[in-house]
Each structure stands twice: as C-alpha cells, then as structure tokens.
Amino acid sequence: MTSSAHALSSVLAVESDPGGGFVSPTIEEFYPPSLAEFSVLGIDFSITRITVISWIATAAILLFMVLATRKTTLVPRKAQWLMESGYSLVRDNIGRDVIGPKFRTYAPFLGALFFFILANNAMSIIPFFQISPMSKFAYPLVLALLVYVLYNVVSIKNKGLGGYLKEVAVPPGVPIPFLVLVTPIELLQMFVIRPFTLAVRLFANLFAGHMLLVVFSLGTVYLLGKFDENFSVVFAPFSFLMALFMTFFEVLVIVLQAYVFTVLTATYLNGAVEKAH
Amino acid sequence: MDLTAAESVNPLLPPVGEIIVGLITFAILAFVVMKYVFPVIEKTFQARREAIEGGMERAEAAQAEAKAALEQYRAQLAEARNEAAQIRDAARAEGQQILEELRTQAQEESARITARGEEQLAASRQQVVNELRGQIGSMAVTLAGRVVGESLEDDARRRGTVDRFLDELDGMSASTPAAAGTTGGSTVYSPEGDR
C-alpha cells in the first residue's frame, strides 16, 4: 500500500467521523507498517516500505552508474556523458573548488554522498514511491556521522590531536578574555552542532516537503468530496495546483539539498586538510 | 512498528536498526562507486586529456615537418636559380670566347692566305723575270749580231756589251714600276743591278 493510498484510506475513514472535518496528516506518515521484523543481537530491525524505497533508489542509481561507466570511450555516449558530467560537478565544482589541491582523495567520497542523497531524495516525487528515505532521520544521520568521523580523523591526522583541539578551541585573532565565551561555542559548534545541523537540514527539508505534498494532495481529495452549502468543492483545484507547485518546488529541494550536503562536507574537509594558521 | 506506537515516537530519535540498515545501504553504494565507477571516470578523463595533448603534439610535429620541407624546397629553389645563373654566365663567357677564337682564327687565316698569295706572286714574277732575262739576252745578242753584222769573237767584249744593255733595260724597268707604284719590283731587281 502506498503512502498516498494509505492516507486516502484514512481520509475515507474520516467520512464516518462524527465531526466530518479534515484530518491533517500526522507523523504516522513516516511510520508505515512493517513488512518484516526481526531482531539481531538484541537490535530490532523493521523493514518498511520506506526501507525498500531506499534500497530501490540506491540499487537504481548504482546500476545506472555501473552501466554508464562499464564501457567508457573517449567520446562519451549519452549515459556516460551524463555520468561524467554529474561526477565532474562534484569532483571539480565542489571538490576542487572547495577543498583545493588535495581534492582527489576525497572526490570519490563526495561523489558517493551526492549521488546517494540525490537518488534517495528523488524518491519523494517519483510516482508510487512518493516518500524519500531522507525524510527518515536515520538516513541523514548516518551520512552526517560518517562525515563527522571523516573530518575529525583527517584533522587529527593532519594537525595532531593537540593541534586540532587548539585550533578549534583557540581561534586565531580572538582576544584572550573573549575565549571564555568563544571556546565553548567553538567546541560545541565543531563537535556537536555541525553534524547535527548537517543531518537535520537534509532531514527537515525532505520531511517538510513530504508533509506539504501530502497536505495538499489530501486536501484536494477531501475538498472534491465536500458538496456542502459552502461550495467547498470549488477550492479543490486550488489545492491541486498547490500540490503541483509544491512538487516542482520539491524538485529544486531534491537537487539543492544533495548539493548543499556535499558542499558542506567539502567545506569541513577543507578545514581538516588545511594547515593550522 | 505499529501505528499506535508511532504516536509517541520522536522523529529525531530513529531506531538503531534503521540507522544500521541505512549505513549498510550507503556503504554498499559507496564501496562500489568509489572502487569501480569513479576510478573508471578518472581514467577516462586522464585518457581524454592525454589524447588531446597527444593530438596537439602530433599537430605541432606535422607543422614543424611541413615548415622544414618548405625551407628545404626554398633552399633547393634558390640553389637551382643560382646554378642557372652560373650556367648562363658560363655560356655567355664561352660564347664570347668562341667568338674571339673564331675572329682570331679568321684573321690568321686571312693573313696566311695573303702571305701565300704574295709569295706566289713574287715567285712567278721572279720566274718570269729570269726567263725574260735569258731570252732578252740571247735575242738581243742575235739581233745585235745581225744588225751589226759582225761576230763578237771576244767573250769579254760580248759580256760587256750585254751587261751594258741589261743595265739600260734595268734602268728602264726601274723607272716604269716606280711610276706605277709597285714597291716589290724594285726590291726584287735592285740586287740584279749590283751584279
């Protein structure tokens, strides 16, 4: 059962509701029923349709990338050209421009991040899926934690643990009395806020985007069935147009958030590979 | 997870199982893509760059070769022109020389012909003179013997008479050729007079 159909059934169920008013979608949207549940080493795993969607998205982008680069030619064909252009965007426009001369080491990771996020984000508007795994906090969190580990490890490798902590805690050019304020903020920023905001930014965009789409889609369905004395039914097309508009807006969010996540990762890595001032 | 349980769930606190599933999904993609996809693309970029650079190098080499060939042709052309000019000069000089030689030869030839003609002329004249001298001597003696009617018995007298006669003749012929402007006659006869 798709999420929209699931929502639709709940809307139809609303008809028998004594008040007969519109019931807006809740957070239940993001907790569809489990398809399979099992427990390994005391950890509960629950496979839902969102999990399956993430597998489909990942498998699809992976298949495309592998097939597009299976037989490469100097003069690329369509798929290869598309793949090369996508990777060039990440490698040159994000990696080289943000990280600088050491970008080659990190470009593949940035590419993996970008395409994984892009494919999973795209699921939010692809018909019959229409929900992105990235609107489940677990997925952005995994990526943010990986980035967090990566930039900390690279920093410590480049500057040593002491040098790294000193650079973060005592930013150059700050008068010593202000360090009372600055040092806790900087430490908090570097080790807690950064990964958290990185994950939340992506998650919240997709979460909110999905909620908006669901609200206007359900609103359209609800208004269409509302033949009352207030002519509520005439507002159904407006709700539909809004859903359409939000879908196009979602396209922008899909690409932009994948790009932003990758650019921020590159920025953090740049801070990690740069020598201490 | 059933719906009633979801009500109390905080979306920012995902279950550990979901995190692990997400991690594995991303790890698979990242592994394959970083190992098999992006290196291939990098290699293609590299190959393309090399192909372009190689093409440019080849073009430069071809251009240099063409330039060298052009230089060579120009040098050869200049050489050929030089040679042609030399040949022309040599021919002109040779022609001049041949002309000079011919002229000299012709002059020599004409000089020789003239000299031989004069010699022949002189020789025939000498011959004629000698013949005449002999005939005139005997004719004059015979004539004188007949006219005078006496035989000149004395040799010495006879010779004296003849010589006198001849001297007279010489004097006659000497005045005649001198009047005619012939220089050769007198030089031929003058020794005869001293005889």
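(A) Focus on the overall build of chain B. Scanning chain B for helices and strands turns up four helices and zero strands. A total of 195 residues make up chain B; the buried ones form 7% of that total.

(B) Here's a closer look at the overall build of chain A. Scanning chain A for helices and strands turns up seven helices and two strands. Counted from the first residue to the last, chain A has its helices and strands arranged as α-β-β-α-α-α-α-α-α. For chain A, the proportion of its 277 residues judged to be buried stands at 35%. Counting contacts in chain A only where the partners sit at least 6 residues apart, residues at least 24 apart contribute 63% of the total.

(C) Molecular detail of the interface of chain A and chain B. Listed per partner, the contact involves 37 residues of chain A and 33 residues of chain B. Within the residue set of the side of chain A that touches chain B, elements represented by two or more residues are β2 (43-47), α2 (49-68), α3 (78-99), α4 (103-122) and α5 (138-169) of chain A. Per element, the largest residue contribution to the side of chain A that touches chain B is seven residues, and it comes from α2(A). For the side of chain A that touches chain B, the class distribution of residues is 25 nonpolar, eight polar and four charged.

(D) Main features of α4(A). For α4(A), spanning 20 residues, the distance from its first C-alpha to its last is 27 Å, which sits close to the expected 28 Å at 1.5 Å a residue. With 18 of 20 residues buried, α4(A) is to be regarded as a mostly interior element.

(E) Main features of unusual backbone geometry. Residues and elements named next belong to chain A. Look at F128: it is not a glycine, yet its phi comes out positive at around 80°. Structurally, F128 is set in the loop between α4 and α5. Phi is positive for Q130, close to 50°, though the residue is something other than glycine. Positionally, Q130 belongs in the loop between α4 and α5.

(F) Local environment of the environment of A:T48. Residue and element names in this part refer to chain A. Its location among the elements puts T48 in the loop between β2 and α2. Considered as a pair, T48 and E37 are eleven residues apart in the sequence and their alpha carbons are 8.8 Å apart. Setting aside residues up to four positions removed in sequence, T48 forms contacts with P32, P33, S34 and L35.

(G) The pairing of strand β1 (residues 36-40) of chain A, seen in detail. Residues and elements named next belong to chain A. By the criterion of burial, β1 is predominantly exposed, with just zero of the five residues buried. As paired strands, β1 and β2 are joined by five bridges and run antiparallel to one another. The residue bridging V40 from the neighbouring strand is I43, located in β2.

(H) Highlighting the packing of α3(A) against helix α7 (residues 236-273) of chain A. Residues and elements named next belong to chain A. Between α3 and α7, the shortest axis-to-axis distance is 8 Å and the interhelical angle comes to 35°. For the element pair α3 and α7, the recorded crossing hand is right-handed. Within the contact between the two elements, α3 uses V90, I94, G95, V98 and I99 and α7 uses T262, V263, A266, T267, L269, N270 and V273. Tallied by class, residues from the contact of α3 with α7 come to eight nonpolar, four polar and no charged.

(I) Looking closely at the environment of B:A144. Note on placement: B:A144 falls in helix α2 (residues 16-148). As for B:A144 and B:T161, which are separated by 17 residues in sequence, their C-alpha atoms are 9.8 Å apart.

(J) Representation of the nonpolar core. Grouped together as the largest cluster of nonpolar side chains are 62 residues, with contacts concentrated most on A:L110, A:L113, A:I117 and B:V33. Those elements that place two or more of their residues in this core are α2, α3, α4, α5, α6 (179-224) and α7 of chain A together with α2 of chain B. Counting residues per element, this core draws most heavily on α4(A), which supplies 14 residues. If we ignore the near neighbours within four places in the chain, the residues touching A:L113 are A:L143, A:F261, A:T262 and A:T265. Listed in part, the six residues of the second largest apolar core include A:L213, A:F216, A:L218 and A:M246.

(K) The arrangement of the confidence of the model for chain B in detail. All names here are of chain B. Here chain B shows a mean pLDDT of 81. Residues at 70 or above account for 78%. Highest mean pLDDT in chain B belongs to α2 (90); lowest belongs to helix α1 (residues 3-6) (46). The low-confidence segment residues 1-6, where pLDDT is below 50, has ten contacts with residues more than four positions distant or belonging to other chains. The low-confidence segment residues 178-195 (pLDDT under 50) makes 14 contacts with residues lying over four places distant or belonging to another chain.

(L) Broad picture of the packing of α6(A) against α7(A). Residues and elements named next belong to chain A. In contact at an axis separation of 9 Å, α6 and α7 are set at 170° when each is read in the N-to-C sense. In this view, α6 runs roughly antiparallel relative to α7, as classed from their interaxial angle. Among the residues forming the contact of α6 with α7, the class breakdown is 17 nonpolar, eight polar and three charged.

(M) Structural detail: the environment of A:L244. All names here are of chain A. With respect to the element layout, L244 can be found in helix α7. Overall, L244 belongs to the partly exposed group, with 14 C-beta atoms counted inside 10 Å. Distance in space between the C-alpha atoms of L244 and F216 is 8.8 Å, their sequence separation being 28 residues.

Reading guide: rules and limits
- Residues numbered from 1 in each chain as written.
- Chains lettered and ligands numbered in written order.
- Predicted model: local features only at pLDDT ≥ 70, side-chain atom pairs only at ≥ 80, totals over all residues.
- Helix = DSSP H or I, 4+ residues; strand = E, 2+ residues; numbered from the N terminus.
- Buried ≥ 20, exposed ≤ 12 C-beta atoms within 10 Å, placed from the backbone.
- Contact = placed C-beta atoms within 7 Å.
- Nonpolar A, V, L, I, M, F, W, Y, C, P; charged D, E, K, R; others polar.
- Expected span 1.5 Å × (residues − 1).
- Pairing = 2+ DSSP bridges.
- Axes fitted to C-alpha atoms, helices over the stretch in contact; angles between N-to-C directions.
- Left-handed = near helix turned anticlockwise from the far one by under 90°.
- Core = buried A, V, L, I, M, F, W, Y, C linked by C-beta atoms within 7 Å.
- pLDDT = per-residue confidence, 0-100.
- Parallel < 35°, antiparallel > 145°, perpendicular 65-115°, else oblique.

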